[in-house]
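Secondary and tertiary structure notes
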Amino acid sequence: MSEIKWLVRAGRGGHLIEEFSRGFIAIGWHELGDLRPATSQDEIRDRYNRAYPGERPGRARQNVSMIYKFRFAFEVGQKVVTYDPENREYHIGSITGDYYHDTNEIADEISDYAHLRRVDWLSDRVNRDLLSTSSRNSLGGIQTLFSVNEEVSTELLSHLGAPAALENSEMDDDGLDEIREDTVARAHELIKDKLLKISADEMEQLSAAILRAMGYKTRVMPKGPDRGVDVIASPDGLALEEPRIKVQVKHRPRTSIGSDDIRCFLGGLREGDKALYVSSGGFTREAKYEADRSIIPLTLLALDELADLVVSHYESFDIEGRVLIPLVKVFFPAE
C-alpha cells in the first residue's frame, strides 16, 4: 500500500469529521473564492492579502503555503489522513478527484469550508493509542494540513484495523521525555526571539521586572550622558538598604560586551554595591575574566540566562513585566 502523504484536519477540534466521512476533505478561507483559475502561489498570496488585510505576516505566509499545497501539491491517488478526536481514530483514504470550489456542499454545516477534494475513505481506522509517542506528537500539530513523514505513515498503515490497546512501555515513556525536552528547548528559543525584538528601553524595563519578581524594589534611571547604571534594585527601593544591586543593560544582539566595558561599569560602583550586567549580545572571554576577578560581586546575564530567568520568575511578574513579553503556560503530562 502506498504511503500516506498528507494530514488534513477536519476543522478546529475535528468538528467536521462527520462531513468529511461523506467522501471529501476541505479547508476554509472561503473569502479567497474559487482557486481553479489561480496559476501560482503568488496569485494565491495576492488574493489572501486582499481578503485578509490585517493578518500578521508570519501567519499569512503559513496559511498561503497550506492553501497552495491543497490546490496544487495534492494529487489524485495520494493517501491522506484525518483525525476524529472524539473516538481517537485516524481515518485514512485516497484522493479521488481534483480541487474544486463549492459553497453549497457543506454550507448547511460550515459555510467557510468551500475548497474541497473528493476522498475514498477506508473502512478500517487506526486508534491513536496504538501509535508510538513520537508518531502521536508528529500528528498532533495544529496546522490545517501538513505532510506526513515516512516513519509515521508506515506506523499508521501497520495498525490499520487493529483493536485498540493502551501501550505503557518504558520506551514510550522515554519518547515522552524526549518530546518534553524538545518542547522546552523550542519554547526557550522562541522566548529568546521575543527578547531580541524588544527595544533597548524595554530591555531595561524587563530587567527591572525580573528583579521585582525576585522580591526587590526597582528604579529605572533616567537617560543621561552617563548611563553606566540603568536600573537600581534594593529592598527599600531607595538603595539605602543592602543588597544594593546596580544594573547595566546593553541590548545589542550582534555585539558582545568586552573587558573595557566591564571595567568601565565597575569603575562607577562603590563598596557595598552588587552588580548585574545584562547583554543580549553576550560577553567576550576577556569580559568574563574581568567579572570573575572583580572585587565587587558581578553577575553577567546573556540572552540564554535572561530567558531562563524570565521563565523561572514569570508567575511573579507584575503587569508591567507581562506586557513586555506576554507568555502562556503550557501543561504537559508529568509521567
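Please refer to the structure placed before this passage.
Rules and cut-offs
- The numbering scheme is per chain: residues are counted from 1 as the chain's sequence reads.
- A pLDDT threshold of at least 70 governs which residues receive local features in this predicted model, and a stricter bar of 80 or more applies before side-chain atom pairs are shown or counted, although totals over entire chains, interfaces and linings include all residues.
- In computing side-chain values, all of the structure's heavy atoms are included and hydrogens and water are not.
- Only DSSP runs of H or I covering at least 4 residues are called helices, and only runs of E covering at least 2 are called strands; the numbering of each starts at the N terminus.
- The globule rule used for comparison is 2.2 Å times the number of residues to the exponent 0.38, while the radius of gyration itself is calculated over C-alpha atoms.
- Relative accessible area decides the class of each residue, using a 1.4 Å probe on protein chains only: under 20% of the type maximum gives buried, over 50% gives exposed, and in between gives partly exposed.
- Only heavy atoms enter the contact rule, under which two residues are in contact if any of them lie within 4.5 Å.
- Only four residue types enter the tally: Lys and Arg on the positive side, Asp and Glu on the negative side, with His and both chain ends excluded.
- Note on charges: their place is set at NZ of Lys, CZ of Arg, CG of Asp or CD of Glu.
- Following DSSP output, two strands are said to pair if at least two bridges run between them.
- A pair is scored as a salt bridge if a Lys or Arg side-chain nitrogen falls within 4 Å of a carboxyl oxygen belonging to Asp or Glu.
- Pairing of aromatic rings covers Phe, Tyr and the six-membered ring of Trp, with a centre-to-centre limit of 6.5 Å; geometry is then stacked below 30 degrees between planes, edge-to-face above 60, and tilted otherwise.
- Any Lys NZ or Arg CZ that is within 6 Å of a ring centre and within 35 degrees of that ring's normal is treated as a charge sitting over the ring.
- Picture the helix axis, draw a direction to every C-beta atom, and the arc is the one those directions span.
- Residue types Ala, Val, Leu, Ile, Met, Phe, Trp, Tyr and Cys, when buried and joined through side-chain atoms within 4.5 Å, form a set referred to as a nonpolar core.

To continue, consider the overall build of the chain. In terms of helices and strands, the chain carries 11 helices and 12 strands. Taking 335 residues into account, the globule formula puts the C-alpha radius of gyration at 20 Å, and the chain, at 27 Å, lies well above it. In terms of its C-alpha atoms, the chain occupies a principal-axis envelope of roughly 80 × 50 × 35 Å. In the chain, buried positions account for 44% of the 335 residues. Once local pairs closer than 6 in sequence are excluded, the contacts in the chain between residues at least 24 apart make up 63%. Side chains of the chain give 43 positive and 58 negative charges; the mean places of these two sets differ by 7 Å.

It is worth spelling out the pairing of strand 6 (residues 115-127) at this point. Two strands pair when backbone bridges link them, and strand 2 (residues 24-27) and strand 6 are joined in this way by 4 bridges, in the antiparallel orientation. Counterpart to Phe 24 in the pairing with strand 6 is Arg 118. One ladder, built from 6 bridges, connects strand 4 (residues 89-95) with strand 6; its direction is antiparallel. Residue pairing in the sheet places Ile 95 in a bridge with Val 119 of strand 6. Relative to strand 6, strand 5 (residues 100-101) runs antiparallel, the two sharing 2 bridges. Along strand 6, the bridge assignment pairs Tyr 100 with Leu 116.

Attention shifts here to the pattern of salt bridges. The tally for this structure, following the rule as stated, stands at 14 salt bridges. Asp 201 is paired through a salt bridge with Lys 223; the nearest N and O atoms lie 2.9 Å apart. With Asp 201 in helix 7 (residues 200-213) and Lys 223 in the loop between strand 8 (217-220) and strand 9 (231-234), this pair connects stretches of sequence that are 22 residues apart. Since its relative accessible area comes to 36%, Asp 201 is described here as partly exposed. Between Asp 273 and Arg 244 there is a salt bridge, with the nearest N and O atoms lying 2.5 Å from each other. Of this pair, Asp 273 sits in strand 11 (residues 273-279) while Arg 244 sits in strand 10 (residues 244-250), and the two are 29 residues apart along the sequence. The exposure class assigned to Asp 273 is buried, which follows from its relative accessible area of 3%. Salt bridges sharing partners connect three or more residues here, namely Asp 260, Arg 263, Glu 290 and Arg 293.

As a further point, take the packing of aromatic side chains. Pairs of aromatic rings are described using the distance from one ring centre to the other and the angle between the two planes. For the coordinates displayed, the defined rule picks out 10 aromatic pairs. When the centroid spacing of 5.0 Å and the interplanar angle of 35° are considered together, the rings of Tyr 68 and Phe 72 count as tilted. Of the two residues, Tyr 68 and Phe 72 both sit in helix 3 (residues 57-73), 4 residues apart, roughly one turn of that helix. Judged by its relative accessible area of 28%, Tyr 68 is partly exposed. Where Tyr 277 meets Phe 283, the ring centres are 5.8 Å apart and the plane angle is 85°; that geometry is what we call edge-to-face. One exposure class covers both Tyr 277 and Phe 283, and it is buried. The residue whose ring lies beneath Lys 5 is Trp 6, and the NZ or CZ to ring-centre distance is 5.7 Å. Of note, Arg 71 hangs over the ring of Phe 72, and the distance from its end group to the ring centre comes to 4.5 Å.

Turning our eyes to something else, we now look at helix 10 (residues 303-313). Leu 303, Leu 306, Ala 307 and Val 310 are the residues of helix 10 that are buried. For helix 10, the arc enclosing every buried residue in end-on projection is 100°, short of the 170-degree limit, so these residues lie on one face.

For the rest of this paragraph, the subject is the nonpolar core. Proteins that are soluble and globular tend to have nonpolar side chains buried together. Phe 20, Ile 25, Trp 29, Tyr 48, Ile 67, Phe 74 and Val 80 are the most contacted members of the largest nonpolar core, which totals 32 residues. Of all the secondary-structure elements, those providing two or more residues to this core are strand 1 (4-8), helix 1 (17-20), strand 2, helix 2 (41-51), helix 3 and strand 6. Among the nonpolar cores identified, the runner-up in size contains 26 residues, and Met 203, Ala 233, Leu 276 and Ile 325 belong to it.

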